[in-house]
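Okay, here's what each chain looks like letter by letter:
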Amino acid sequence: VSRVIPVDTFDLVIFGGTGDLARRKILPGLFRRFCAGQIPSDARIIGAARGEMDNDAYREIVAEAVREFSGSHHCEDGTLEGFLEKLSYAHVDARGEDGWETLKQLMSRDGRIEAFYFSVAPGLFGDIAKRLHAHGMVSPTCRVVVEKPFGRDLQSARELNQTLAQHFDESQIYRIDHYLGKETVQNLMAVRFGNVLFEPLWNSQYIDHIQITVAETVGVGGRGEYYDRSGAMRDMVQNHLMQLLCLIAMEPPAKFDPDAVRDEKLKVIRALEPVMPHHVVRGQYMAGEDEDAHPDYRTAVGDPRSKTESFIAMKVNLANWRWAGTPFYLRTGKRMSARSSEIAVVFKPLPHTIFEDVEHGTNRNVLAIQLQPNEGITMDVTIKEPGPGGMRLIDVPLDMTFAEALGPEVEDPPDAYERLIMDVIRGNQTLFMRGDEVEAAWAWTDPIIAGWEARGDVPKPYESGGSGPVEADQLMARDGLIWREIT
Ligand code: NAD
């Protein structure tokens, strides 16, 4: 049975169509949807970027990107050719008049869905929007997709929102956070709101605390200069970790509709208690064993005095009835021991145990939502160890991934970008951030960052390939807790 839901035909323009993101994610993602039979036969994809080239040269670039980055979808040549036929290229200058009329000619303008993907530096969003408008390409139903970073503080995010609002209605703007496109993130909502089992326990009476970890093994790589101007708080916490926190903490929306869901997420952000800047653990990674291959953070970004953090650990409280008394611990870093993103909902211990064997079972249920490297949800439950050994308890994971039950389509779920691009075509904004959400998140992080800057706060060095500075463990130890292992 095919689970592919067809979409209406479309013209998709990718500004920055020759860039790194387009080559690694957007175009391979579209190709995989093409292989799945989801791209209508007369849909068009138009790459728009600065370099001059003809359609054939662009198709060659895309073919190479697809071969390298489309993962397990090994395309026969015929399939790839079919995909490439949908592509064309327009040389446009966001800051000048070159190419815009040519681009307009390439679009069919026959009432089909039109989407513009701004996969360029945010500084160009305004220029592109203005020129799309001036050349009569903005229709009331067209859509724009914008990439992160969405501002670097409240002020710049507001300006970006205002710029976009001059040309597009909020219902036309799709702010991507690719964490929201992950299969498991949506599964989390299904598990919470599609079962009677979880929601009655989903509060501070039964949940002890929640840990959200996003650990990367890579360092800043070639993005050193860019990264050093942002740091982990801006690059990861304000967007990705905050979005995950919202989905865990939000009240049940009245229906699964974009604004109902986003209203509830916004309420979560507004309920965040302020955090004292000095209560946040900041770290910078040290060199790996092979210093040439894995230099320390400051060498990697080329600033021996850099005070930007590549690691954050913090405790966050929500001031509302559901969560008062249940802390959320957030942690993210580069050059950690493993690449792993996980949300762990740690339930309270049993009020009383009737079993003598207290050694083996932990008497704690943990719901672990794994986003990376493998997606899946498990629930640790305590059971009797099978066998004749008497009433010995063990904790075993109850696997809610269902990969085996649901077959190969689920084992190889669409990548976050594939799903989100198809949502744009469908006109479904549920998994995209609304302008007010982004601003509220900056309003919460700004004073923390300002506090560090005012104090000249210097991040703590931490070992490459470890689990962050020792202060991160102390943060948990003060509450009698430990971090979950990063595996
Ligand atoms: P990139 O530098 O690799 O590509 C930039 C693209 O923009 C190129 O196609 C270039 O031709 C085009 N461009 C530059 N100036 C232009 C102009 N004046 N007129 C028209 N086109 C112009 O950048 P990237 O890494 O692909 O990133 C694109 C956007 O996506 C950025 O906002 C970035 O922050 C965001 N992003 C990137 C990644 C990633 O992994 N690369 C991840 C998340 C978000």
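What counts and how
- For every chain, the first residue of its written sequence is number 1, and the numbers climb from 1 along that sequence.
- For this predicted model, a pLDDT threshold of at least 70 governs which residues receive local features, and a threshold of 80 or more governs which side-chain atom pairs are given and counted, while totals over whole chains, interfaces and linings are taken from all residues.
- UniProt positions are given in the numbering used here, feature names are shortened, and annotations may be inferred rather than shown by experiment.
- What counts as a helix is a DSSP run of H or I of at least four residues, what counts as a strand is a run of E of at least two, and both are numbered from the N terminus.
- Every C-beta atom is placed from the backbone, and the number of other C-beta atoms within 10 Å of a residue's own sets its class: buried at 20 or more, exposed at 12 or fewer, partly exposed in between.
- Once C-beta atoms have been placed from the backbone, residue pairs whose C-beta atoms lie within 7 Å are recorded as contacts.
- A residue counts as near a molecule or strand when its C-beta atom, positioned from the backbone, falls within 6 Å of it.
- Polar here means any residue other than Ala, Val, Leu, Ile, Met, Phe, Trp, Tyr, Cys and Pro, which are nonpolar, and Asp, Glu, Lys and Arg, which are charged; Gly is therefore polar.
- For this entry, the nonpolar core is defined as buried Ala, Val, Leu, Ile, Met, Phe, Trp, Tyr and Cys residues connected by C-beta atoms within 7 Å.
- Where each domain begins and ends is defined by an automated method or by a domain database.
- Any two strands between which DSSP finds at least two bridges are classified as paired.
- Helix span is expected to be 1.5 Å times the residue number reduced by one.
- Arc definition: it is the arc formed by the directions from the helix axis to the C-beta atoms.
- For helices, the axis comes from a line fit to the C-alpha atoms of the stretch in contact; other axes are also lines fit to C-alpha atoms, and the angle between any two N-to-C directions lies between 0 and 180 degrees.
- Here roughly perpendicular refers to angles of 65 to 115 degrees, roughly parallel to angles under 35, roughly antiparallel to angles over 145, and oblique to all remaining angles.

Under the annotation held in an unreviewed UniProt entry, the protein carries the name Glucose-6-phosphate 1-dehydrogenase and is attributed to Aliishimia ponticola. The UniProt entry for the protein carries the following text under Pathway (unreviewed entry): "Carbohydrate degradation; pentose phosphate pathway; D-ribulose 5-phosphate from D-glucose 6-phosphate (oxidative stage): step 1/3." For the record of the protein, the UniProt heading Sequence similarities (unreviewed entry) holds the text "Belongs to the glucose-6-phosphate dehydrogenase family."

Looking only at helices and strands, the protein features 16 helices and 15 strands. Seen through its C-alpha atoms, the protein measures out along the principal axes to roughly 75 × 60 × 45 Å. A total of 487 residues make up the protein; the buried ones form 41% of that total. Pairs at least 24 residues apart make up 78% of the contacts formed inside the protein by residues separated by at least 6 positions.

With that out of the way, let us pick up the site of the ligand. The local shell around the ligand holds 23 residues, among which Gly16, Gly19, Asp20, Ala49 and Ala94 are the closest. Of the residues in the shell around the ligand, the class split is eleven nonpolar, six polar and six charged.

With that out of the way, let us pick up the nonpolar core. Ranked by size, the top nonpolar core spans 126 residues in total, and within it Tyr117, Phe118, Leu245 and Ile312 carry the most contacts. Per-element accounting of this core gives the leading share, twelve residues, to helix α9 (residues 231-249). Mapping this core onto the domain boundaries places at least three of its residues in each of domain 1 (10-147) and domain 2 (180-414 + 433-477). Residues within four places of Phe118 in sequence aside, it is in contact with Phe15, Phe125, Ile128, Val144, Val145, Val146 and Glu147.

Most of strand β10 (residues 328-333) is tucked away, with six of its six residues classed as buried. Side chains Phe328, Leu330 and Thr332 of β10 all project onto a buried face; the interleaved residues Tyr329, Arg331 and Gly333 project onto the opposite face, where all are buried too. In this structure, strand β7 (residues 207-215) lies alongside β10, joined through six bridges in parallel fashion. Across the sheet, the residue bridging to Ala215 is Gly333, located in β10. Direction of pairing for strand β9 (residues 311-316) relative to β10: antiparallel, over a ladder of six bridges. Note on β10: the bridge partner recorded for Ile312 is Thr332.

Moving on, we get to the pairing of strand β3 (residues 87-91). Burial analysis of β3 places four of its five residues in the buried class, the great majority of the element. Relative to β3, strand β2 (residues 44-49) runs parallel, the two sharing five bridges. Looking at β3, one finds that Gly47 is bridged to Tyr89.

It is worth spelling out helix α6 (residues 154-165) at this point. Taking 1.5 Å as the rise per residue, α6 with twelve residues should run 16 Å; its terminal C-alpha atoms sit 16 Å apart, in good agreement. Those residues of α6 not exposed but buried are Ala157, Leu160 and Leu164. Buried residues of α6, seen end-on, are gathered within an arc of 60° and therefore sit on one face of the element. Every exposed residue of α6 that faces more than 90 degrees away from the buried side is listed here: Gln155, Glu159 and Gln162.

With that out of the way, let us pick up the sheet that holds strand β15 (residues 460-462). The strand order across the open sheet formed by nine strands is β14-β13-β12-β11-β7-β10-β9-β8-β15, and the pairing between neighbours is mixed. A single partner strand is all that each edge strand has here, and the edge strands are β14 (393-399) and β15. Recorded for the sheet is a direction-independent mean angle of 20° between the axes of neighbouring strands. Taken strand by strand, α9 contacts β7, β9, β10 and β11 (340-347), and its axis lies near 140° from that of β10.

Split into domains, the protein comes out as domain 1 (10-147) and domain 2 (180-414 + 433-477). For domain 1 versus domain 2, the separation of C-alpha centres amounts to 34 Å.

According to UniProt, the "active site" (unreviewed entry) feature falls on His240. Among the residues examined, His240 registers 20 C-beta atoms within 10 Å and is labelled buried.

With that settled, the discussion passes to the packing of α9 against helix α10 (residues 258-271). In contact at an axis separation of 9 Å, α9 and α10 are set at 110° when each is read in the N-to-C sense. One finds that α9 runs roughly perpendicular with respect to α10. Here α9 contributes Met242, Leu245, Cys246 and Ala249 to the contact with α10, which in turn contributes Lys265, Val268 and Ile269. Across the contact of α9 with α10, the residue classes tally to six nonpolar, no polar and one charged.

The next thing to look at is the environment of Ala454. Along the chain, Ala454 falls in helix α15 (residues 435-455). Put simply, Ala454 and Gly389 are 65 residues apart on the chain and 61 Å apart in space, counted from C-alpha to C-alpha.

A word on the sheet that holds strand β6 (residues 173-175). Spatial ordering of the open sheet is given by β3-β2-β1-β4-β5-β6, a layout of six strands whose pairing is parallel. Every interior strand has two partners, whereas the edge strands, β3 and β6, have only one. This sheet shows a mean twist of 20° between the axes of neighbouring strands, independent of strand direction. Where strand β4 (residues 113-118) and strand β5 (residues 143-146) come together, four bridges link them in parallel fashion. Counted as the bridge partner of Ala115 is Arg143 from β5.

Now for helix α1 (residues 20-35). Each full turn of the α-helix corresponds to 3.6 residues, which orients residues three or four apart in the same direction. The end-to-end C-alpha separation of α1 is 22 Å, in line with the 22 Å expected for 16 residues at 1.5 Å each. Gly37 sits one or two residues past α1 and shows a positive phi near 85°.

Attention shifts here to unusual backbone geometry. In this model, Lys148 is joined to Pro149 through a cis peptide bond whose omega is 0°. Looking at the element boundaries, Pro149 is found in the loop between β5 and α6. The omega torsion across Gln372 and Pro373 is 0°, close enough to zero to call that bond cis. Take Pro373: it is sitting in the loop between β12 (366-372) and β13 (376-384).

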